[in-house]
Amino acid sequence: MTASNRPVKRALVSVFHKDGLEVLAEAFKKAGVKVVSTGSTAKFLAEHGADVTPVEKVTGFPESLEGRVKTLDPHIHAGILADMNNPDHAKQLEELGIEPFDLVVVNLYPFADTVRSGANEADTIEKIDIGGPSMVRGAAKNSSTVAVITDPSDYALVASRVADGTGFSLEERRYFAAKAFAHTASYDATIIEWAEKNWTKPESLKQDDENSEEIYPSAYTRTWNLSNILRYGENPHQSAALYLNPLSNGDFAHAELLGGKPMSYNNFTDTEAAWRAVWDFPNQTAVAVVKHANPCGLAVGETVFEAHKKAHACDPVSAYGGVIAANATVSLEMAQTVKGIFTEVIIAPDYEDEALKLLQTKKNLRILRVAKAPVLNRSIKQIDGGLLVQETDAINADGDNPDKWTLAAGKPADSDTLADLQFAWRSVRSVKSNAILIARDGATVGIGMGQVNRVDSSELAVTRANTLADNVNRTEGAVAASDAFFPFADGLEILAKAGVKAVVQPGGSIRDSEVIEAAEKAGIAMYMTGTRHFFH
């Protein structure tokens, strides 16, 4: 015990969740602590032997407005906020006939749980806690003499300190105060996120010329809750953790692990890349094979088995130790193929029963089931001292619609070629820039990614296409997509020399005329989208 320790003689307890509260009740009973409490919390504590005074006897005012007003009263808040190291505060309390609190234990209305349940607006509003955060913040501000507890995992420690009479030191009270401020800040951030989504600015308040502040708030306030500590980060010397959005469920971060080891940091990043890639094809059955956040194969098919077979064939070498994603139920036929391939993770909306049983025999294969397609509409990237926020890139720009494409060179593509061009354009979105993707028959056959110039990407795509398929020329008669314009004709000329018959690219280079001329010379159909899909 230190000179700053303050034993707990009087406590204020008001909690929504009662789990573990019996431990405190026993300690209060043993130490003879006087407890002021509200509603069902008071009943619970009294049933477990604590000396409880209902809050309305302290305030002289009944709970009102259907429970909206219970503790919002000077008789409560003066007892919380009085700094008993300050003689004037102590004197005023005595004159007012108010006793100070040494301990405040509060947890808040389940706002996030209510939102996730799909509750209507009125019920959601009723779960916005007012009195609880007020008590927590008051006690945290006055940590010089009051200990505030918001985390049930601290109940056992509190009970031992109450029972043996040691209470808490100033340093300990300050720590709990910081934890309490984080708790209320997180709670408010959850409400902010819900409110910004549901209570948007009405037309009556909008200016004629909206600026960026109308799209992005002046303060970007969000919160995520710790889910679990990961084994390590990108590398073994880096620590890492998974945090979850408290307002969401059924999405990728909340994936159901049906088999295999826990997910690692790299597993999460690679698997999300694969998951997003297949959902760029929401109206087709698609499978992606991803390694180091880049697709090494992506295909669509009549069945999930066919799509996987085509995706895997793009680059069987890189598929070793990769991630497989499907946007359809994994069939037994597909599972039989996957079983023979060393794979880190497989993710899908669901699995046939026999398929799941077969995959579960691979003890190191992480099997994820995710109910919802990706819905993320904002991407966040932390930089030193700041945060970059942008609208998430998706296949939803005007130029992603083939009807808006411009034929810049060659003759119009036939229907099969145009279908492959559409596939290639959707696929290139998920490839790291600079990106060149070669495709045929609804499948990638060569991918050049992450290079510092488009010539290298083009050469890499051609090389991969023709060295990973038992000496089969896969570029002759194929199509290609470029995620951004060709700055010079050289990249396009590499594709043309390899036999590519059609190309889709954004256009917009100051040398577009040179690129168009090269396409015409090679007899290539070249479409321009006016939209690019950089992925850094």
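See the structure printed just above.
Residues numbered from 1 in each chain as written. Predicted model: local features only at pLDDT ≥ 70, side-chain atom pairs only at ≥ 80, totals over all residues. Heavy atoms only, no water.

Caption draft 1: Highlighting the overall build of the chain. Across its full length, the chain holds 20 helices and 21 strands. Taken over the C-alpha trace, the chain has a radius of gyration of 31 Å; the compact-globule value for 536 residues is 24 Å, which it surpasses by more than 25%. Oriented by its inertia axes, the alpha-carbon framework of the chain measures out at about 95 × 60 × 40 Å. The buried share of the chain, taken over its 536 residues, is 47%. The long-range share in the chain, meaning contacts at least 24 apart out of those at least 6 apart in sequence, stands at 58%. In the form shown here, the chain has an accessible surface area of approximately 26500 Å², with 50% of it arising from carbon and sulfur atoms. Put simply, the chain has 53 plus and 70 minus side-chain charges, and the middle of one group is 5 Å from the middle of the other. (Helix = DSSP H or I, 4+ residues; strand = E, 2+ residues; numbered from the N terminus. Rg over C-alpha atoms; globule rule 2.2 N^0.38 Å. Buried < 20%, exposed > 50% of the residue type's maximum accessible area, 1.4 Å probe, protein only. Contact = heavy atoms within 4.5 Å. Areas by Shrake-Rupley, 256 points an atom, 1.4 Å probe, with all protein chains shown as cover. Lys, Arg positive; Asp, Glu negative; His and termini not counted. Charge placed at Lys NZ, Arg CZ, Asp CG, Glu CD.)

Caption draft 2: Structural context of unusual backbone geometry. For the bond from Ser433 to Asn434, the omega torsion is -10°, close enough to zero to count as cis. Looking at the element boundaries, Asn434 is found in the loop between helix 17 (415–428) and strand 17 (436–440). Here His292, not a glycine, exhibits a phi torsion of approximately 55°, which is positive. Relative to the helices and strands, His292 resides in the loop between strand 9 (285–291) and strand 10 (294–301). Even without being a glycine, Ala293 presents a positive backbone phi close to 70°. Owing to a relative accessible area of 14%, Ala293 belongs among the buried residues under this scheme.

Caption draft 3: Broad picture of the pairing of strand 21 (residues 525–528). The two faces of strand 21 match: Ala525 and Tyr527 on one face and Met526 and Met528 on the other face are all buried. Judged from the three bridges that link them, strand 16 (residues 406–409) and strand 21 form a sheet pairing that is antiparallel. The residue of strand 21 that forms the bridge with Thr406 is Met528. Summarising the sheet, strand 20 (residues 502–505) and strand 21 pair through four bridges and their orientation is parallel. Residue pairing in the sheet places Val504 in a bridge with Tyr527 of strand 21. (Pairing = 2+ DSSP bridges.)

Caption draft 4: Broad picture of the packing of aromatic side chains. In the structure shown here, the tally under the stated rule is eleven aromatic pairs. Between Trp194 and Trp199 the ring centres are 5.0 Å apart and the planes differ by 70°, which places this aromatic pair in the edge-to-face class. Looking at Trp199, the relative accessible area reads 44%, which means it is partly exposed. Ring centres 4.9 Å apart and planes at 55° place the aromatic pair Tyr320 and Phe342 in the tilted group. Here Tyr320 is found in the loop between helix 14 (316–319) and strand 11 (322–326), whereas its partner Phe342 is found in the loop between helix 15 (332–339) and strand 12 (343–348), with 22 residues between them in sequence. For Tyr320, a relative accessible area of 53% puts it in the exposed group. Taken together, the ring pairs connect Phe111, Tyr187, Trp194 and Trp199 into an aromatic cluster. Positioned above the aromatic ring of Tyr220, the side-chain terminus of Arg222 is 4.8 Å from the ring centre. In this structure, Lys432 is placed above the aromatic ring of Phe535, and the distance from its NZ or CZ to the ring centre is 5.1 Å. (Phe/Tyr/Trp six-rings, centres within 6.5 Å; stacked < 30°, edge-to-face > 60°. Lys NZ or Arg CZ within 6 Å of the ring centre and 35° of its normal.)

Caption draft 5: Quick peek at the environment of Lys127. Mapping Lys127 onto the fold places it in the loop between helix 7 (121–126) and helix 8 (131–141). Classification of Lys127 by relative accessible area gives partly exposed; the value is 26%. Counting along the chain gives 369 residues from Lys127 to Ala496, while the straight-line C-alpha distance between them is 63 Å. Not counting residues up to four positions away in its chain, the partners in contact with Lys127 are Phe16, Tyr109, Pro110, Phe111, Thr114 and Tyr187.

Caption draft 6: Molecular detail of the sheet that holds strand 3 (residues 51–54). Pairing is parallel in the open sheet, where five strands are placed in the order 3-2-1-4-5. Each edge of the open sheet is held by one strand with a lone partner, namely strand 3 and strand 5 (147–149). Strand-to-strand, the axes of this sheet are offset by a mean angle of 20°, without reference to chain direction. Each of strand 1 (10–15), strand 2 (34–37) and strand 4 (103–107) is contacted by helix 1 (residues 21–31), which is oriented at about 160° to strand 1, the strand it contacts most. (Axes fitted to C-alpha atoms, helices over the stretch in contact; angles between N-to-C directions.)

Caption draft 7: Examining the pattern of salt bridges more closely. Under the defined criterion, the tally for this structure stands at 15 salt bridges. Asp154 is the partner of Lys179 in a salt bridge, and the nearest nitrogen-oxygen pair spans 2.9 Å. Here Lys179 is found in helix 10 (residues 170–198), whereas its partner Asp154 is found in the loop between strand 5 and helix 9 (155–164), with 25 residues between them in sequence. By relative accessible area, which is 11% here, Asp154 ends up buried. One salt bridge in this structure joins Glu306 and Lys310, with 3.9 Å as the shortest N-O distance. (Salt bridge = Lys/Arg side-chain N within 4 Å of Asp/Glu carboxyl O.)

Caption draft 8: Here's a closer look at the nonpolar core. Counting 45 residues, the largest nonpolar core has Ile347, Leu421, Leu437, Val504 and Tyr527 as the members making the most contacts within it. Apart from residues lying up to four places away in sequence, Leu421 is in contact with Trp405, Ala413, Val479, Ala480, Ala502, Val503, Val504 and Tyr527. (Core = buried A, V, L, I, M, F, W, Y, C linked by side-chain atoms within 4.5 Å.)

Caption draft 9: Fine view of the environment of Ala11. Examined against the element boundaries, Ala11 turns out to sit in strand 1. Ala11 sits in the buried class, given a relative accessible area of 0%. The spatial distance from the C-alpha of Ala11 to the C-alpha of Val146 is 9.5 Å, given a sequence separation of 135 residues. Those residues in contact with Ala11 that lie beyond four places of it in its chain are Phe28, Val33, Lys34, Val35, Val36, Phe101 and Leu103.

Caption draft 10: Structural context of the packing of helix 18 (residues 454–467) against helix 19 (residues 490–497). The interhelical angle for the contact between helix 18 and helix 19, taken along N-to-C directions, is 15°, at an axis separation of 8 Å. The angle between helix 18 and helix 19 places the two elements in the roughly parallel class. Like other packed secondary-structure pairs, helix 18 and helix 19 cross with a definite hand, here right-handed. Where helix 18 approaches helix 19, its residues Val455, Ser458, Glu459 and Val462 are matched on the opposing element by Asp490, Gly491, Ile494 and Leu495. Each residue belonging to the contact of helix 18 with helix 19 can be placed in one class, and the counts come to four nonpolar, two polar and two charged. (Parallel < 35°, antiparallel > 145°, perpendicular 65-115°, else oblique. Left-handed = near helix turned anticlockwise from the far one by under 90°. Nonpolar A, V, L, I, M, F, W, Y, C, P; charged D, E, K, R; others polar.)

Caption draft 11: Just helix 17, in detail. Here helix 17 spans 20 Å end to end across 14 residues, near enough to the 20 Å set by a 1.5 Å rise per residue. Of all the positions in helix 17, only Thr417, Asp420, Leu421, Phe423, Ala424, Trp425, Ser427 and Val428 are classed as buried. Those residues of helix 17 that are buried lie in contact with strand 10, strand 17, strand 18 (443–448), strand 19 (479–482), strand 20 and strand 21. (Expected span 1.5 Å × (residues − 1).)

So far we have only geometry, and geometry alone does not tell us how the molecule works.
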